Structures are given as C-alpha cells and as structure tokens.
Amino acid sequence: MGIIGVLLVAMMCGLCAWVLYKSHEEARHYAVETSQNITLIAQRDIVRNIEILSLSLDALANRYQNPMFATLTHNQQHSYLFGSTLAAKHVVVMAVLDPTGKVSVSSLPGAPANTYGDRPYFTIQRDQPDTGLYISRPIVAKFAKDMQVIVLSKRLSKSDGSFAGVVVMALDLAYFRELFSGVALGENGVMSLYSSDGVVYMRLPYSQSLIGRDISSSASFAQIRPLMQQDSGSFSARALSDGVQRLYAFRRIPDTQLVVFVGRAETDIYKHWIDNLYTIVAMMFLFAPVCMVLFWILRKELKKRVEAEEKLRQLARVDGLTSLLNRRALDDMLRDLWNRNRRSNGIFSILFIDVDYFKFYNDTYGHQKGDDVLVSVARAISAQLPRSSDIAARYGGEEFIAVLPETDRDGAALVGEKIRSAIEALGIPHSKSQSGHVTASIGAATYEHGAHDSIEAVLSAADGALYAAKGKGRNNVQSSGALADLD
C-alpha cells in the first residue's frame, strides 16, 4: 500500500480518536451541566423553604415574648402561637423551651413537658448567642410513631440580651425525600443531602439505614472534603454504599452546613458514547480494507494521469512534424541558457539552419514531399549532435536551430559543416536547386560577453551569418565572428 496509504489510514484513525475524545468530553460536560442545574433547582427550593421556616420561628418568638400573650386563655395562646403553622406540610412540631430546656408551650396538644437542655440545638443557642438559625443532625423523634426529623432552633433573648430559651421546630425529612423523588437521573443515579462534616441527611434511592450516618472518616469523603469548600463543583468517585462509579455535581446551601449532591452513573452517562465507539470501531475495521483498495486504485489512476500529463507536456514542447523542440520550448531553453552563462561567464554557440530553395521544392513536389524533406533534415541535424547537452529545434517553416553549450566559434563551425554535409549527403533530388539536390545554408554565432547583451543579439548574429551564407551561393557555413574579422 505504501507509506502514503499507511499515513492515510493513520490519519483516519487519529481523526476517529479525536472525534471520540471530543464526544466523550461533551458527554461528560453535558452530564455535569445537567446535574449542576438540578442542584441549583434543589438549592433554591431548600433555601426558600428554610427562609419560610426561619420566619415562622421568628414569628413564634415574637408572639411568645409579646406582653399580650400572658393575657390570653390557654386555647387562645395555642391558637395565637401556632395557628398559622399548624397546616404547614412536614412541620411535625413547634415549641418554646425555657432557659433550662423544659417545654413551655408546644404545637402538639397534650405533649409531655420534657426537658431538652442537653440537646445540641439547645446548648448551641445558649452558649453561642450569634448562632442564628441552627439545623440539627437527623434524629429519630418519638411521636405517634418513630419519625426521622431535623430540628431547627433560634435563640430567645431577654431585653438585656441574656438567654431566655429557644424556639424549635421539627421538620420531617420526608420533605427532602419528596423534593428529590421527582428527578430522573437514570437507573443508577443518586441525589443526596449531606452536611459539610459528612453526615447523611437524605439519599435517593432511599434507605432509612443511611439517614444520619456519619461518613466523615471514610477515604472517599476525605478526598472530596477540600472540594466542598467551594460553592459548587464536580468530581468522580465510587460510592461507598453500592460501589458504583459516578460523576457527581454538588452545590452548597447558603448560610447552612448542607450540601446537595447529584450523581449519575458513568455507565449511564457514556452509554450512547460507548455505542458510538463500537460502531466507529466496527466501521474502521470495514473501512480500512476498503480504503486500502481505493487508495491502490487511486494511486494507479494518479500514476496514469501523471504519465499522461508528462506526455502532454512533452508533446507541448515538441514539434509535431520533426519531433524536435518547438519554438516555445526553444525560447524557454534559450532564456535559461542565457541566464546561466551570463552569471558564469560561460560560452555557447548557435547554428541557424535554413533549407535552400524550400519554397520552390514545395511548389514542385508538393507539401507532403516537403514535409518528408523536413523530417529527413531534422534527423540529419540530430545525428550530428551526439552530446546530450546539444539541442536541435525547429524555428519555423524550413528553418532550424542547433544550440551548442560550451562550444566556441571553431567548434560551432565544425559542427555546422558536419550538419551541412549530412543534409547534402541525403541526396534528395531538387530540380530547382543549383546543385540538383536538397542542401542547407548555415549561420553560426558564438556568445561574446562584450558584444552581446541579450540572447536575441546572439540569435540576430547567427541570422546575419545565415544570410551571408545565402549570399555566397548557399550550401555553406558562415560564422558571425569570421564576418567581423573580414570587415
């Protein structure tokens, strides 16, 4: 097939590899972008609902500390404090805890007045006045049934800023479960909510045993912990729970320790890409032999075309009758010869050859016979130019030119005489010629650096010598330098 064919196949393989790489990157980019959009939607929903819940806690605190509260009956107090939140979905209970952690009032009628002074959502508000809204870890609360909740708390302060207790709210984790359940992430996709210190708040597919688990000590979480310092990002990791390799996107929930994750299995992300990979590889196995055959055919056809073009170029340079160089090719060759010898101070000679009384020959014997004479003369000229550097050309009509590189005046005269003798020796009958047969007159000129300033000047000198030869009775050789000597 040749090195070009190998390179062509290699280029095709490289192109396919590049296309596959780009499509792989595009699939990854699209998956990350889609997952980030999902985390953004979840973040905005969670932020909006946390703001609403935080405002509800503020309202509870303001109403509880309002002097009017103490003037109300028990039922009025309950309605005043909790009337606007009783119907709130996923809010399990709201309550006010006194400075010792004991329940002062609760949205659940008949709830026991338990003490929660040792719980983090109480102690943090007591010990850190600037905490603001606190969101606890998932806990199991015992109401009518066991329920997984998180507790939101805010500090109550007296007029002098001292601690007066906390307002709390228990939020059913089913809220996050319902929020995540409407998202389609593929067969092995997951969506989860973690705290930045590695506690699981929610995960879909749902597993109750995972909620509240602390994975901060795992190697996988240790690897992604630095990334979670950013507001959002993406990474690849293998899940601890099921061992599936996934591409994750995450986004932090502002003003909280929560981070929402969306993970899509890489097998799902690259499913179409893998299908395309198999298709392209199969096509390459089929394409390579076809490409080789087509390349072989193309190479063969190109070789024929090159050969045909070369023949055309040769034909364009050759006179169709005599097979010598034509006028156009002669002009190109003379121009190159002039430039070369002008730079190197070389020497060359030109012979101007003219068949004597050729017009009379055509008139007497016909143009076909005249063409035969020109062919014979051309052969005779070529036979006397044995050097490969010597060039013979048809100048026009019955005129020929012989170019003799590196030939001085004497050498040119000698070659001219050989050509004249060879033409005369053909013995072609010519009744209108003085000698009775075809002859030729020849003018020779040799390039002289001081006398000739162009190739046309050398040609003109040879032409002048030709006319001198005709003036001396034709069938002879004259040199332009010899004429100058005689002058």
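The following refers to the structure shown. Since this is a predicted model, take the numbers as computed values, not measurements.

Once that is clear, we can look at the environment of glutamate 51. Tracing the sequence through the fold places glutamate 51 in helix H1 (residues 2–65). On a C-alpha basis, the gap between glutamate 51 and leucine 133 in space is 9.7 Å, while along the polypeptide they are 82 residues apart.

On to the packing of aromatic side chains. Each aromatic ring pair is summarised here by two numbers: the centre-to-centre distance and the angle between the ring planes. For the coordinates displayed, the defined rule picks out 14 aromatic pairs. With a centroid separation of 5.9 Å and 40° between ring planes, the pair formed by phenylalanine 250 and phenylalanine 261 is classed as tilted. Remark: phenylalanine 261 occurs in strand S11 (residues 258–265) and phenylalanine 250 occurs in strand S10 (residues 245–252); sequence separation between them is 11 residues. Side by side, phenylalanine 250 and phenylalanine 261 carry an identical accessibility label, which is buried. On the numbers, 5.2 Å between centres and 20° between planes, the contact of phenylalanine 348 with tyrosine 447 is stacked. Here phenylalanine 348, found in strand S12 (residues 348–355), pairs with tyrosine 447, found in the loop between strand S15 (440–446) and helix H12 (455–471); they are 99 residues apart in sequence, far enough to count as distant. An aromatic cluster of at least three residues, connected via ring pairs, comprises Tyr194, Phe235, Tyr248, Phe250 and Phe261.

Spatially, five strands are ordered S13-S14-S12-S15-S16 in an open sheet, and the strand pairing comes out mixed. Sheet topology places strand S13 (391–396) and strand S16 (477–479) at the edges, where each strand pairs with a single neighbour. Taken over all neighbouring pairs, the strand axes of this sheet differ in orientation by 20° on average, direction set aside. Pairing geometry for S12 and strand S14 (residues 399–405), over seven bridges, is antiparallel. Pairing of phenylalanine 352 across the sheet is with isoleucine 401, part of S14. This element, H12, spans S12, S14, S15 and S16 of the sheet and lies at about 145° to S15.

Pairing is antiparallel in the open sheet, where five strands are placed in the order S8-S7-S11-S10-S9. The open sheet terminates on both sides in strands that have one partner only, identified here as strand S8 (200–204) and strand S9 (232–238). Between one strand axis and the next, the sheet turns by 20° as a mean value, whatever way the strands run. The pairing of strand S7 (residues 190–195) with S8 spans four bridges and is classified as antiparallel. Within the sheet, the bridge partner assigned to methionine 191 lies in S8 and is leucine 204.

Tracing the backbone through its elements, the reader meets serine 192 in strand S7. Residue class for serine 192 comes out buried when judged on its relative accessible area of 5%. Excluding residues within four positions of it along the chain, serine 192 makes contact with Phe180, Met202, Arg203, Val259, Val260 and Phe261.

What follows deals with the pairing of S13. Taken together, the five bridges between S13 and S14 define a ladder with antiparallel strand orientation. Opposite alanine 392, over in S14, you have alanine 402 as the bridge partner. Counting the residues in the hairpin turn of S13 and S14 gives two residues, including glycine 397, whose phi is positive at 60°.

Let us look at the pattern of salt bridges. In the structure shown here, the tally under the stated rule is 14 salt bridges. Across the salt bridge formed by lysine 359 and aspartate 363, the nearest N and O atoms sit 3.2 Å from each other. In this pair, lysine 359 and aspartate 363 are both assigned in helix H9 (residues 358–365), four residues apart and thus about one turn of the helix distant. For aspartate 363, a relative accessible area of 53% puts it in the exposed group. By sharing partners, the salt bridges in this structure join Arg137, Asp197 and Asp214 into a single network.

Scoring rules and cut-offs
- Residues numbered from 1 in each chain as written.
- Predicted model: local features only at pLDDT ≥ 70, side-chain atom pairs only at ≥ 80, totals over all residues.
- Heavy atoms only, no water.
- Helix = DSSP H or I, 4+ residues; strand = E, 2+ residues; numbered from the N terminus.
- Phe/Tyr/Trp six-rings, centres within 6.5 Å; stacked < 30°, edge-to-face > 60°.
- Buried < 20%, exposed > 50% of the residue type's maximum accessible area, 1.4 Å probe, protein only.
- Pairing = 2+ DSSP bridges.
- Axes fitted to C-alpha atoms, helices over the stretch in contact; angles between N-to-C directions.
- Contact = heavy atoms within 4.5 Å.
- Salt bridge = Lys/Arg side-chain N within 4 Å of Asp/Glu carboxyl O.

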